[in-house]
Amino acid sequence: FSLDGVTWNKPISSTAVFAASGKASYSSSSCPGDVFSAWDAAYVGSPRVVYDGLRYRMFYVGSDIGLRFNGTQRASIGIADSLDGITWCRAGRTTPILAPNPGSFDSLYVEPAGARIEADQIKLYYTCASSDLIPHTAFAKAGGFAGTPTSSARLSRSDRVVKVNGNSDKIKGAYAYNIDGTLFFWFASGTTGSYLIYQAYGDSDLDFVLDPENNIVKAVPGSPNENVAQSDVAGVIATPPRTGTLDVLSAVMFFTGESSSDLVPRAFRAVSPVPVPTTPGAPVPLTQVILPTSASKTPTPSPGIPALPPGVALGGPGSFFTPTPADGNYPPFFDLWKRVDEPVRAGIANRSWTYSGLPYGFRFLRERYEEGTRLVLYHDKGRMESTPGGGITNGLLAKELISGLMQVGDNRFEPRTSANEAIAGDPIELNPSNPAYYSLVPVASLYNDKRAPDRTGQSVIETISRLGQVGVDNGTGGYGVSYGFFEQKLGHNIASVFWNYFQQTGPVYSGGSYVNGPVFDWLSTVGLPLTEPYWTKATVGGRQLDVMVQAFERRVLTFTPANNDPFKVEMGNVGRHYFRWRYNLNQ
């Protein structure tokens, strides 16, 4: 047992709590009615434990051959129960709860990977293989499980294996949590030659999409897991925040690994990224929240954003025009994306992306907001946020990246530092001389300040450096860009190419068909302009190009004269930049 998940204590007794039925250490004296079972006489291991409201239930791998299960011998899955987690009984059961299926993908062995309970149903992921010895993860389930005696419990296996991005090879050790209809799925994969741990998500127990980040459990230099090359997920705990709603970001993973340097198996713990309670029942520690008190330093409010018509509260793949991995069970997100970007994906609309391409969105999760959480979906070029009334807003991401104040409530902000992410072109790692978000602090109207005069019709020739210094490059006048509109609320000029972009009409997907109309409302999509437009030198695809940038509250717009139409004007990757900044992934 452990109070913090780091320091673990063994009971005073050194006797194993569960043993193979053929071992000398096995005794049925504490479990009346238990008898010898031949199938797990030589080995038991890989325990996966759940609590069904009545008792602890343990799934384990068992074999009648070998001293240790290594994935090459015949093995089945057994079940035992316990009232205290220490005394485990087969309750007279002499057969496995799930055995290899001759002639199928799991004809050689089955081994428990991860189990969860939903309502009165047990759902079990299990690793399996046939004679080819290639491990897969498969799925089995049973209803009415809580009231079913251990001796008669049965599982119904799926007729196919779990797939991630359509690929089933070398997927093992899976755990999944259901959060508002979206399954977050952690697994080990050997597609790179070593078994590393990854995350995926989906809306069914069999089909998942890989998170775009690399393997999620990183080695720690100088630690025993610095050279971990063979990893497996042992368990995942999702910690509820104050509202009691599961938040995928509050997760603790226990995993095993063998170091490539000494091949010694060890157990490890990883946290992502909100800490777990240090004592049972303790509240989740939260970073202190600051409330702006000076009117002159309160970020300027944005105009109200009209809510979209409410969608189906709980949908499914049949509710969507095109099933996509991040739709979860929240159709309004997908409907908004579909309206503007489905025509682009289909090749019907000749314009750049407003959010991103398929799969739409790259991270669907709950984030802290006020005293609870809200559902959000990150895209390359923005973030969609659910509202209590069923509507959607686009977050003030650019304002937060520039100011360094991360918004966690209507009037609550956490102090950070302004983001060191390149505002245009390649990522900052490949684009170190391009201005970052912090470079815009000297020129951005974060507090109703730093206004500019109305320069409508004049040429845009001002530049900005990495240090936030404004200059002039008369050569950029040859690109023919002028100030096209003066926005009076914050006092900034919008570049003509961006103003024309905001007014565009074209094919949108609405009411089940393509129609022509305004592509988007610019205020609700990009927000008010925070800066003037500036020319920069940015590295784009390895080439240094002239790129004009302008920051708005919600987005950053770029104009690259060297690009082909319709990609001269583009939304910057502010969604991905913000995600890296918020979750400290930029180092």
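Each remark here, short or long, concerns the structure printed above.
Since we're looking at a predicted model, the values are computed, not measured.

A few words on the pairing of strand S10 (residues 182-189). For S10, the buried fraction is high: eight of the eight residues fall into the buried class. Burial along S10 is two-sided: the residues Thr182, Phe184, Trp186 and Ala188 and Leu183, Phe185, Phe187 and Ser189 are all buried. Two strands pair when backbone bridges link them, and S10 and strand S11 (residues 196-202) are joined in this way by seven bridges, in the antiparallel orientation. Among the inter-strand pairings, tryptophan 186 is bridged to a residue of S11, identified as glutamine 199.

What follows covers the pairing of S11. For S11, the tally of buried residues reaches six of seven residues, placing the bulk of the element in the interior. Hairpin remark: S11 followed by strand S12 (residues 207-210), antiparallel, with four residues in the connecting loop.

Turning to the pattern of salt bridges, a few remarks are in order. Under the counting rule described, the total for this entry stands at 24 salt bridges. Between aspartate 81 and arginine 55 there is a salt bridge, with the nearest N and O atoms lying 3.9 Å from each other. With a gap of 26 residues between them, aspartate 81 in strand S3 (residues 76-82) and arginine 55 in the loop between strand S1 (43-51) and strand S2 (56-63) connect regions that are remote in the sequence. On the basis of relative accessibility, which here comes to 21%, the residue arginine 55 falls in the partly exposed class.

Turning to the packing of aromatic side chains, a few remarks are in order. In this structure the tally under the stated criterion is 25 aromatic pairs. Ring centres of phenylalanine 502 and phenylalanine 552 lie 5.5 Å apart, and the angle between their planes is 80°; this geometry places the pair in the edge-to-face category. With a gap of 50 residues between them, phenylalanine 502 in helix H3 (residues 496-502) and phenylalanine 552 in the loop between strand S29 (543-551) and strand S30 (556-559) connect regions that are remote in the sequence. When the ring of tryptophan 535 is compared with that of phenylalanine 559, the centres are 6.2 Å apart and the planes differ by 70°; the resulting orientation is edge-to-face. Residue tryptophan 535 is located in strand S28 (residues 534-540), and its partner phenylalanine 559 is located in strand S30; the two are separated by 24 residues in the primary sequence. The exposure class of tryptophan 535 is buried, given its relative accessible area of 2%. Cluster of aromatic residues (ring-pair linked, three or more members): Phe485, Trp499, Tyr501, Phe502, Phe520, Trp522 and Phe552. Between the NZ or CZ atom of arginine 374 and the centre of the ring of tyrosine 369, over which it lies, the distance is 3.7 Å. Between arginine 416 and the ring centre of tryptophan 581, over which it is positioned, the NZ or CZ distance is 5.7 Å.

Cis peptide bonds are those with omega within 30 degrees of zero, and the linkage from aspartate 565 to proline 566 qualifies with 5°. When you line up the elements, proline 566 lands in the loop between S30 and strand S31 (569-571). We note that asparagine 165 has phi near 55°; this positive angle belongs to a residue other than glycine. Its place among the elements puts asparagine 165 in the loop between strand S8 (163-164) and strand S9 (171-179). The phi dihedral of lysine 450 is positive, around 55°, even though this residue is not glycine. Following the sequence through the fold, lysine 450 ends up in the loop between strand S21 (412-415) and strand S22 (462-464).

The rules behind these values
- Within any chain, residue numbers begin from 1 and follow the written order of that chain's sequence.
- Given that this is a predicted model, residues contribute local features only at a pLDDT of at least 70 and side-chain atom pairs are listed and counted only at 80 or more, while totals for whole chains, interfaces and linings are drawn from all residues.
- Side-chain figures throughout are based on the complete set of non-hydrogen atoms in the structure, without hydrogens or water.
- Partly exposed residues are those whose accessible area sits between 20% and 50% of the maximum for their type, while under 20% is buried and over 50% is exposed, using a 1.4 Å probe and protein chains only.
- Note on conventions: DSSP H or I runs of at least 4 residues are helices, E runs of at least 2 residues are strands, and numbering of each starts at the N terminus.
- Only when DSSP finds a minimum of two bridges between them are two strands counted as paired.
- Throughout this description, the term salt bridge denotes a Lys or Arg side-chain nitrogen within 4 Å of a carboxyl oxygen of Asp or Glu.
- Ring pairs shown here join Phe, Tyr and Trp side chains whose ring centres sit within 6.5 Å, with only the six-membered ring taken for Trp; geometry is labelled stacked below 30 degrees between planes, edge-to-face above 60, and tilted in between.
- Over a ring means this: the NZ of a Lys or the CZ of an Arg is within 6 Å of the ring centre and within 35 degrees of the ring normal.

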